[in-house]
Amino acid sequence: MSDSLKARVREKLLRQLSENGGHPVEEVESDDPRLVAIDSDLAALDEVAENDPLVEALATKYWVP
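A brief report on the enclosed structure follows. (Residues numbered from 1 in each chain as written. Predicted model: local features only at pLDDT ≥ 70, side-chain atom pairs only at ≥ 80, totals over all residues. Heavy atoms only, no water.)

## Overview of unusual backbone geometry
What counts here: Partly exposed describes any residue whose relative accessible area lies between the buried limit of under 20% and the exposed limit of over 50%, with all areas from a 1.4 Å probe on protein chains only and scaled to the type maximum.
Of note in the backbone geometry, Trp63 takes a positive phi value of approximately 55° without being a glycine. Using a relative accessible area of 75% as the deciding quantity, one classes Trp63 as exposed.

Here's what the structure looks like:
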């Protein structure tokens, strides 16, 4: 695969947001815990480097190969 693990995790999180609510949490007032958790994980992912352990943890959490 040419994409980095971080890129694949980010893609999966964005897909989950789309499938579960259609919009990122910032765009829609929502208290759905699934959407809040995904949005929070996406924000955390954006803050770390490619080799940060969080990337691997999120890949495991969201089943990203």
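## Focus: helix 1 (residues 5-20)
Basically, it comes down to this: Put simply, DSSP H or I for four residues or longer makes a helix, DSSP E for two residues or longer makes a strand, and each gets a number counted from the N terminus. The span you would expect from a helix comes to 1.5 Å times its residue count less one.
Here helix 1 contains 16 residues, and its C-alpha end-to-end distance of 22 Å stays within 8% of the 22 Å for a straight helix at 1.5 Å per residue. All of the buried residues along helix 1 are Leu5, Lys6, Arg8, Val9, Lys12, Leu13 and Leu17.

## With respect to helix 3 (residues 53-61)
The cut-off we apply is this: Note that the arc is defined by the directions from the helix axis to the C-beta atoms. It only takes one pair of heavy atoms within 4.5 Å for two residues to be counted as in contact. Polar contact is the term for a pair of N or O atoms within 3.5 Å; when the atoms are in protein, one must be able to donate a hydrogen and the other to accept it, and sequence-neighboring residues count only if both atoms are side-chain atoms.
Considered for burial, the residues of helix 3 that qualify are Val55, Leu58 and Ala59. Considered in projection along helix 3, the buried side chains sweep an arc of 105° and stay on one side of the axis. In helix 3, the exposed positions angled more than 90 degrees off the buried face are occupied by Pro53 and Thr60. If you follow the buried residues of helix 3, they end up packed against helix 1 and helix 2 (33-47). The residue sitting at the N-terminus of helix 3 and contributing the capping side-chain oxygen is Asp52; that oxygen lies 2.8 Å from the backbone nitrogen of Leu54. Looking at the residues trailing helix 3, positive phi occurs at Trp63, about 55°.

## Overview of the packing of helix 2 against helix 3
Threshold: In this analysis, axes come from line fits to C-alpha atoms, helices being fitted only over the stretch in contact, and the angle between any two N-to-C directions falls in the range 0 to 180 degrees. With respect to orientation, any angle under 35 degrees is reported as roughly parallel, any angle over 145 as roughly antiparallel, any angle of 65 to 115 as roughly perpendicular, and every other angle as oblique. Left-handed describes a crossing in which the near helix is turned anticlockwise from the far one by less than a right angle; the clockwise case is right-handed.
Relative orientation of the contacting elements helix 2 and helix 3 amounts to 150°, with a least axis distance of 10 Å. Looking at the two axes, helix 2 sits roughly antiparallel to helix 3. Here helix 2 runs over helix 3; the crossing is left-handed. Touching Asp41, Ala44 and Leu45 of helix 2 are Leu54, Val55, Leu58 and Lys61, all from helix 3.

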